[in-house]
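One-letter residues, chain by chain:
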Amino acid sequence: MSQPAFDLVVRNALIATASDTYAADIGIRDGRIVQLGASLAPGAREIDAEGRVVTPGGVDAHCHLDQPMEPPARMADDFDSGTRAAACGGTTTVIPFAAQEKGQSLRAAVDDYHRRANGRAHVDYAFHLIVSDPTPQVLNEELPALIAEGYTSFKIYMTYDDLKLDDGQMLDVFDVARKHGAMAMVHAENADCIEWLTKKLEAAGRTAPRFHAHSRPMLVEREATQRAIALAELVDVPILIVHVSGREAVEQIRWARSHGLNVFAETCPQYLFLSAEDLGLDNSYMGARCVCSPPPRDKRNQEIIWRGLADGLFTIFSSDHAPFNFDSPEGKKPGGEEVTFRHIPNGIPGIETRMPLLYSEGVLGGRITLNRFVELTSTNPAKAYGLHPRKGTIAVGSDADLVIWDERTLTLKNTQLHHNVDYTPYEGMTLKAWPAVTLAQGEVVWDEQGFHPRQGRGRFLACGLPTLVPRKSQEESL
Ligand code: DUC
Ligand code: ZN
Ligand code: ZN
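Summarised in this report is the structure supplied together with it. What you see is a predicted model, and the numbers here were worked out from it, not measured in a lab.

Conventions and cut-offs
- Residues numbered from 1 in each chain as written.
- Chains lettered and ligands numbered in written order.
- Predicted model: local features only at pLDDT ≥ 70, side-chain atom pairs only at ≥ 80, totals over all residues.
- Heavy atoms only, no water.
- Donors = N, O, S within 2.8 Å, 3.2 Å for Na, K, Ca; no water.
- Helix = DSSP H or I, 4+ residues; strand = E, 2+ residues; numbered from the N terminus.
- Buried < 20%, exposed > 50% of the residue type's maximum accessible area, 1.4 Å probe, protein only.
- Tetrahedral: all angles 85-135°; square planar, octahedral: opposite > 155°, others 65-115°.
- Contact = heavy atoms within 4.5 Å.
- Expected span 1.5 Å × (residues − 1).
- Bend = angle between axes of the 7 residues up to and from the residue.
- Pairing = 2+ DSSP bridges.
- Axes fitted to C-alpha atoms, helices over the stretch in contact; angles between N-to-C directions.
- Near = heavy atom within 4 Å.
- Polar contact = N/O pair within 3.5 Å; in protein donor to acceptor, adjacent residues only side chain to side chain.
- Nonpolar A, V, L, I, M, F, W, Y, C, P; charged D, E, K, R; others polar.
- Arc of directions from axis to C-beta.
- Core = buried A, V, L, I, M, F, W, Y, C linked by side-chain atoms within 4.5 Å.
- Salt bridge = Lys/Arg side-chain N within 4 Å of Asp/Glu carboxyl O.
- Phe/Tyr/Trp six-rings, centres within 6.5 Å; stacked < 30°, edge-to-face > 60°.
- Lys NZ or Arg CZ within 6 Å of the ring centre and 35° of its normal.

1. Description of the coordination of the zinc ion (ligand 3)
Reasoning step 1: Ligation of the zinc ion (ligand 3) by protein atoms is provided by His-62 (NE2), His-64 (NE2) and Asp-320 (OD), these donors lying 2.0 to 2.1 Å from the ion.
Reasoning step 2: Sequence spacing of the donors to the zinc ion (ligand 3): H-x1-H-x255-D.
Reasoning step 3: Taken as a pair, the zinc ion (ligand 3) and the zinc ion (ligand 2) lie 3.8 Å from each other. Of the two residues, His-62 sits in the loop between β6 (58–60) and α1 (79–88) while Asp-320 sits in the loop between β15 (316–317) and α11 (354–363), which places them 258 residues apart along the sequence.
Reasoning step 4: With relative accessibility at 0%, the residue His-62 sits in the buried group.

In structure tokens, the structure reads:
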């Protein structure tokens, strides 16, 4: 008998990419898609999609896994549990952050992060850099070398004392991004405004978790977003504003776009499904579970974020998974204490729920098209970070990272999730879909039997340059 033509055939798929929806079989060999068409020859293994929607696996371009923290804080998910949860929720590529500590070389941060990831991941991963100390050595030598090696995006912070850059430093980092065609990501919140408000709240004894939202009103995000846009315009470089939370930042980005500037924007599930009320209506400490920055806003702002997802304002939909246990001295109760909001680790879990939440409420709720869902969760992040078309689409030659979607009603419970966190902010929500099958490089990693672990399946991906905007010629960018 001759060998089957394929290792695996996914039959009767309703394939959805960012641009098309069509019925076909998917032939897979050596972890890649090798043929798309009707009535493909038999595979060594076959999965019948039964006419269900099949999308590219998700690319979660903003998540934090095993990122070094100031003790006692410690992230609950590492590359094992984080990529396990990702796969079970339909995400097959993650891009967490290799974070430079002030005084540390960027190269040392990258080496350390590889040690944390190596051999542990169940799905593929790449790294963004976090640049917190842009010394001449970092700007002139380390960053250019790292960009050439496949670390083509870096996040900079306008807040958090241990991370924030001043305007001059931002200009310097943007200039490196421009010269080398890399992507600069910006956390836009004004640090001095936050500190001033925090001190006032503390002096008034207003220190419960819910006052976190009072210390970071939309104005502080708006001001920083506007400043980041102006600095990028001065340097003439595209930037991407991460985790946009509401109207005021959205207005700044719309203004920039209307003036022809290449300003990209990312938002996250917490700005669609949570509001400041989730930080507590009273002084309850339970609200610490939803402390993240920028904070969730209100229902009207949720609508504004939905509109931006539908009309093209947003480029990317990420989780900003930043996993801390609630009932833990390493998490939301530092040292075992209920602390003032200033000391609560920022971040909420969401790597597993990102895709099902947007599919349920966005696609099946009639707010965005299926193709836009694919664009936001997979294709655009792959393009923004130089992984397309290997990732982010269903095409001959692409990695066989696929999700078969099961459209059914379910109630979300943390006990069913696969992260290492003791809560989900979305407990009890009714969802309308969940992945029936997730394939990573042609291997079943999640199906009705559950999670199929294989640490080391996930490989490090060196990123190319972003392809969201055509690269300027050398003369133009001098
Ligand atoms: N805010 C961040 O900037 N990063 C991680 C999580 C958060 O809430
Ligand atoms: Zn951030
Ligand atoms: Zn983040």
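2. Points about the coordination of the zinc ion (ligand 2)
Reasoning step 1: Only Lys-155 (NZ), His-187 (ND1) and His-243 (NE2) from the protein reach the zinc ion (ligand 2) as donors, at distances of 2.1 to 2.2 Å.
Reasoning step 2: Classification of the site at the zinc ion (ligand 2) rests on its four donor atoms, whose angles at the metal span 81 to 128°, yielding the label irregular.
Reasoning step 3: Sequence spacing of the donors to the zinc ion (ligand 2): K-x31-H-x55-H.
Reasoning step 4: Overall, Lys-155 belongs to the buried group, its relative accessible area being 1%.

3. Observations concerning the environment of Val-237
Reasoning step 1: One can find Val-237 in the loop between α7 (218–235) and β13 (239–241).
Reasoning step 2: In this structure, the C-alpha to C-alpha distance between Val-237 and Val-176, residues 61 residues apart in sequence, is 9.5 Å.
Reasoning step 3: Val-237 has contacts with Phe-174, Ala-177, Arg-178, Ala-232 and Asn-262, leaving out every residue within four places of it along the chain.

4. Concerning helix α12 (residues 370–384)
Reasoning step 1: Between the first and last C-alpha of α12 there are 20 Å, a value that for 15 residues agrees with the 21 Å anticipated at 1.5 Å per step.
Reasoning step 2: At Leu-376, α12 is bent by approximately 45°, the largest bend along its length.
Reasoning step 3: Gly-386, located one to two residues past α12, shows a positive phi value of around 70°.

5. Brief notes about the sheet that holds strand β12 (residues 183–187)
Reasoning step 1: Taking strand neighbours across the sheet as the criterion, the seven strands line up as β8-β10-β11-β12-β13-β14-β15 in an open arrangement whose pairing is parallel. Two strands bound the open sheet, and with one partner strand each, they are β8 (97–99) and β15.
Reasoning step 2: This element, helix α4 (residues 167–180), spans β11 (153–157), β12 and β13 of the sheet and lies at about 170° to β11.

6. A closer look at the site of ligand 1
Reasoning step 1: Close to ligand 1 lie His-64, Lys-155, Tyr-157, Tyr-160, His-187, His-243, Cys-292, Ser-293, Asp-320, Ala-322, Asn-346 and Gly-347, which account for all nearby residues.
Reasoning step 2: One nitrogen or oxygen atom from the side chain of Tyr-160 is found 3.4 Å from a nitrogen atom belonging to ligand 1.
Reasoning step 3: Grouping the amino acids of the shell around ligand 1 by side-chain chemistry returns four nonpolar, six polar and two charged.

7. Some points on helix α2 (residues 106–117)
Reasoning step 1: Between its terminal C-alpha atoms α2 stretches 17 Å, which fits the 16 Å expected from twelve residues at 1.5 Å a residue.
Reasoning step 2: If you check which residues of α2 are buried, you get Leu-106, Ala-109, Val-110, Tyr-113 and Ala-117. The buried residues of α2 occupy an angular sector of 95° when projected down its axis, which confines them to one face.
Reasoning step 3: The inward-facing, buried residues of α2 contact α1, β8, β9 (124–125), β10 (128–130) and α3 (136–148).

8. Brief notes about the nonpolar core
Side chains of nonpolar character tend, in soluble globular proteins, to be buried together.
Reasoning step 1: The biggest cluster of nonpolar side chains holds 111 residues, and the ones touching the most others in it are Phe-174, Val-186, Ile-239 and Phe-373.
Reasoning step 2: A per-element tally of this core places α7 first, with six residues.
Reasoning step 3: Counting residues in each nonpolar core, the second largest holds 21 residues, with Ile-95, Ala-126, Tyr-385 and Cys-463 among its members.

9. Quick look at the side chain of Thr-377
Reasoning step 1: Residue placement: Thr-377 occurs in helix α12.
Reasoning step 2: In this structure the side chain of Thr-377 is engaged in a polar contact, spanning 2.7 Å, whose partner is the backbone oxygen of Phe-373.
Reasoning step 3: With residues near it in sequence (within four places) discarded, Thr-377 still touches Gly-58, Val-59, Phe-317, Arg-354, Met-355 and Leu-358.

10. Overview of the pattern of salt bridges
Reasoning step 1: All chains considered together, the criterion is met by 38 salt bridges.
Reasoning step 2: One salt bridge in this structure joins Arg-354 and Asp-60, with 3.9 Å as the shortest N-O distance. Of this pair, Arg-354 sits in helix α11 while Asp-60 sits in strand β6, and the two are 294 residues apart along the sequence.

11. Let's talk about the packing of α2 against α3
Reasoning step 1: The contact between α2 and α3 brings their axes to 9 Å, and the two run at 30°. Every residue of α3 that contacts α2 at Leu-106, Arg-107 and Val-110 is listed here: Val-138, Glu-142, Leu-143, Ala-145 and Leu-146.
Reasoning step 2: Split into classes, the residues belonging to the contact of α2 with α3 amount to six nonpolar, no polar and two charged.

12. Focus: the packing of aromatic side chains
Reasoning step 1: Using the criterion set out here, one finds 16 aromatic pairs in the structure.
Reasoning step 2: What links up through ring pairs into an aromatic cluster is the set Phe-79, Tyr-113, Tyr-125, Phe-127, Tyr-151 and Phe-460.
Reasoning step 3: If you follow Lys-155 out to its NZ or CZ, it ends over the ring of Phe-97, 5.4 Å from the centre.

13. Details of the sheet that holds β6
Reasoning step 1: If you trace the three strands from one edge of the open sheet to the other, you get β6-β7-β9, paired in parallel fashion. One side of each edge strand has no neighbouring strand; the edge strands of this open sheet are β6 and β9.
Reasoning step 2: Of the pairings in the sheet, the one linking β6 to strand β7 (residues 91–94) comprises three bridges and is parallel in character. In the sheet register, Val-59 faces β7, and the bridge partner there is Thr-93.
Reasoning step 3: Contacts from α11 reach β6 and β7, with the element oriented near 120° to β6.

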